[in-house]
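Spelled out from the first residue to the last, the chains are:
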Protein chains: 2
Amino acid sequence: MAMYTNEDNDQFLPLRETVYKKLRKQILTGELKPGERLMEIHLANKLDVSRTPIREAIRELELEGLVTIIPRSGAQVAQISEKELRDVLEVRRSLDALCSELACRRATSTDKDRLKKACQAFEEATEKGNSVAIAGADVAFHEIITQATENHRLIEIVHNLADQMYRYRFEYIRDDTNYGQLIKEHRALMNAIVDGDAEKASGIAKQHIDRQEESVLRHLREGESTQQKPRKRRPSAAAAPGSRKPDQGAGI
Amino acid sequence: MAMYTNEDNDQFLPLRETVYKKLRKQILTGELKPGERLMEIHLANKLDVSRTPIREAIRELELEGLVTIIPRSGAQVAQISEKELRDVLEVRRSLDALCSELACRRATSTDKDRLKKACQAFEEATEKGNSVAIAGADVAFHEIITQATENHRLIEIVHNLADQMYRYRFEYIRDDTNYGQLIKEHRALMNAIVDGDAEKASGIAKQHIDRQEESVLRHLREGESTQQKPRKRRPSAAAAPGSRKPDQGAGI
DNA sequence: ACAATATAAATTGTATACAAAAAAGTACAT
DNA sequence: ATGTACTTTTTTGTATACAATTTATATTGT
């Protein structure tokens, strides 16, 4: 066992955090596939820590929506249904529009410069044709806009929503055999923000997501191969019907 | 309190969940004040469980934004600054607008009926003048709209944002010595949804939040009395500058 | 007095033990 | 073969022990 040997590894962070990061990455990259079970002892052995930090990491991931916990049964990598993906995108559509609007109002001149560069970089990446690079450039471009909002809560939520779909990013990129439309949208969005035209920027952002939705959903329907079947469980008196969380709203 | 929780069936739930609910309620109602420390052993004794479920509950609350964890130092009830409140409201503004739009498209006729009744009930509550009842009726009204969207992710996020401000709901309600404007807005929103006029509904929802922002912020500035001062901690090499979470966006 | 430093106390982080529940496996009857 | 009761194995839920770290307190030197 590792004991308290800091092992020189990543940092002085609590184990819980490093475990959290590792699992998270594996889920996002698809190394851990949807439906795959996350068993505490197994993971503890594999990562050479005790069950405690594993448990805590899994619970963090659950609240993030990347993991589903079935009480007294265990955790599994969250299945994402078409409906759920659609829900996520519906929210993203609205929030990406908000990001763009806010960016129009709040982007500094250096923000705008970086946006121009990122836009350029994306175009160059598409010419080279490397999927990883293209996806990276796309993320970088949008990230500048997101950060320009200066609204940390918004940034957090947008990131979270993006994470839910991270697994599909390559399909999405690979889908567009010609990136002409994508480039056009990026340019238009960039210009709108530079000009401070919130109305326009908002509209483009929405369109942008709509296009994404189309291609991601198409791919989801085609390749269902990677997902594992969800485990069924014996009926139990305690099992609440339906919702995965209290979802107890306390609206103001 | 309002809260759509099925109380009492906690018997079969894991302790972690019941602890989570208890702490959550205490934070939202203000029984645990912002800045107050959450110490594991202390809470464990008080609630008569071991530290383990306490820890897990606290971590859930952290991801929800109701608790702040300082590594190796402990957890405290989240302080909410004016900037953060503003950020929350900025997102809510956008999402409440989205809720209203979606409600226009998706509300069933029974939804609409219930909305009318809830609107009516709110008016009656204002006449009676009981703050608790008014706040409850307000929540109920908005909850119908939220649920009508049929978008579970959206519902979850909106609830979470609402929770962040739950502590201020009474100030907000009490502030409006005459509820005329509030009633007018509710009625207008209700009518827009019944008519399916998404554009109009969206606009009203935004105004509604703007009004809230105004009065909540005013009250926040006045009564800073209840908040405890945050503990300061020794500088540490591990302490990351700024952000409380990796926040590593993986945008698509 | 005041600051710096050493010492003690409190508190969190992690590992581990054990009980409770669920899942998987097995034998048996039909 | 199929279904059913029973047993075993696996896995989670909770409690607890101990190490590591931080916070509080006392002590000392100036």
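All of the points below concern the structure found in this document. Predicted, not measured: the structure shown is a model, and the values here were computed from it. (Residues numbered from 1 in each chain as written. Chains lettered and ligands numbered in written order. Predicted model: local features only at pLDDT ≥ 70, side-chain atom pairs only at ≥ 80, totals over all residues. Heavy atoms only, no water.)

1. Details of the overall build of chain A
Here is step 1 of the chain: Along the backbone of chain A there are 10 helices and 3 strands.
Here is step 2 of the chain: When the helices and strands of chain A are read in sequence order from the N terminus, they spell out α-β-α-α-β-β-α-α-α-α-α-α-α.
Here is step 3 of the chain: A total of 252 residues make up chain A; the buried ones form 50% of that total. (Helix = DSSP H or I, 4+ residues; strand = E, 2+ residues; numbered from the N terminus. Buried < 20%, exposed > 50% of the residue type's maximum accessible area, 1.4 Å probe, protein only.)

2. What to know about the pattern of salt bridges
Opposite charge on two side chains makes pairing possible when the charged atoms of those side chains draw close.
Here is step 1 of the chain: Per the stated rule, a full pass over the model turns up 34 salt bridges over all chains.
Here is step 2 of the chain: Put simply, R93 of chain B and D210 of chain B hold a salt bridge, and the shortest N to O gap is 2.8 Å. Taken together, the residues span a long stretch of sequence, with R93 of chain B in helix α4 (residues 82-106) and D210 of chain B in helix α10 (residues 198-222) at a distance of 117 residues.
Here is step 3 of the chain: Note on R93 of chain B: relative accessible area 30%, which makes it partly exposed.
Here is step 4 of the chain: Judged by its relative accessible area of 30%, D210 of chain B is partly exposed.
Here is step 5 of the chain: Through salt bridges that share partners, R16, E17 and E56 of chain A together with E40, R51, R55 and R59 of chain B make up one connected network. (Salt bridge = Lys/Arg side-chain N within 4 Å of Asp/Glu carboxyl O.)

3. A closer look at the environment of R187 of chain B
All names here are of chain B.
Here is step 1 of the chain: With respect to the helices, strands and loops of the structure, R187 is situated in helix α9 (residues 180-195).
Here is step 2 of the chain: R187 sits 64 residues away from E123 along the chain, and the two C-alpha atoms are 9.5 Å apart.
Here is step 3 of the chain: Discounting chain neighbours no more than four positions away, the residues touching R187 are C119 and E123. (Contact = heavy atoms within 4.5 Å.)

4. Side note on the pairing of strand β3 (residues 74-77) of chain A
All names here are of chain A.
Here is step 1 of the chain: Taken together, the 2 bridges between strand β1 (residues 37-38) and β3 define a ladder with antiparallel strand orientation. Following the sheet pairing, L38 is matched in β3 by A75.
Here is step 2 of the chain: Both strand β2 (residues 67-70) and β3 contribute to a ladder of 4 bridges, which runs antiparallel. Within β3, the position partnered with I69 by the bridge is A75. (Pairing = 2+ DSSP bridges.)

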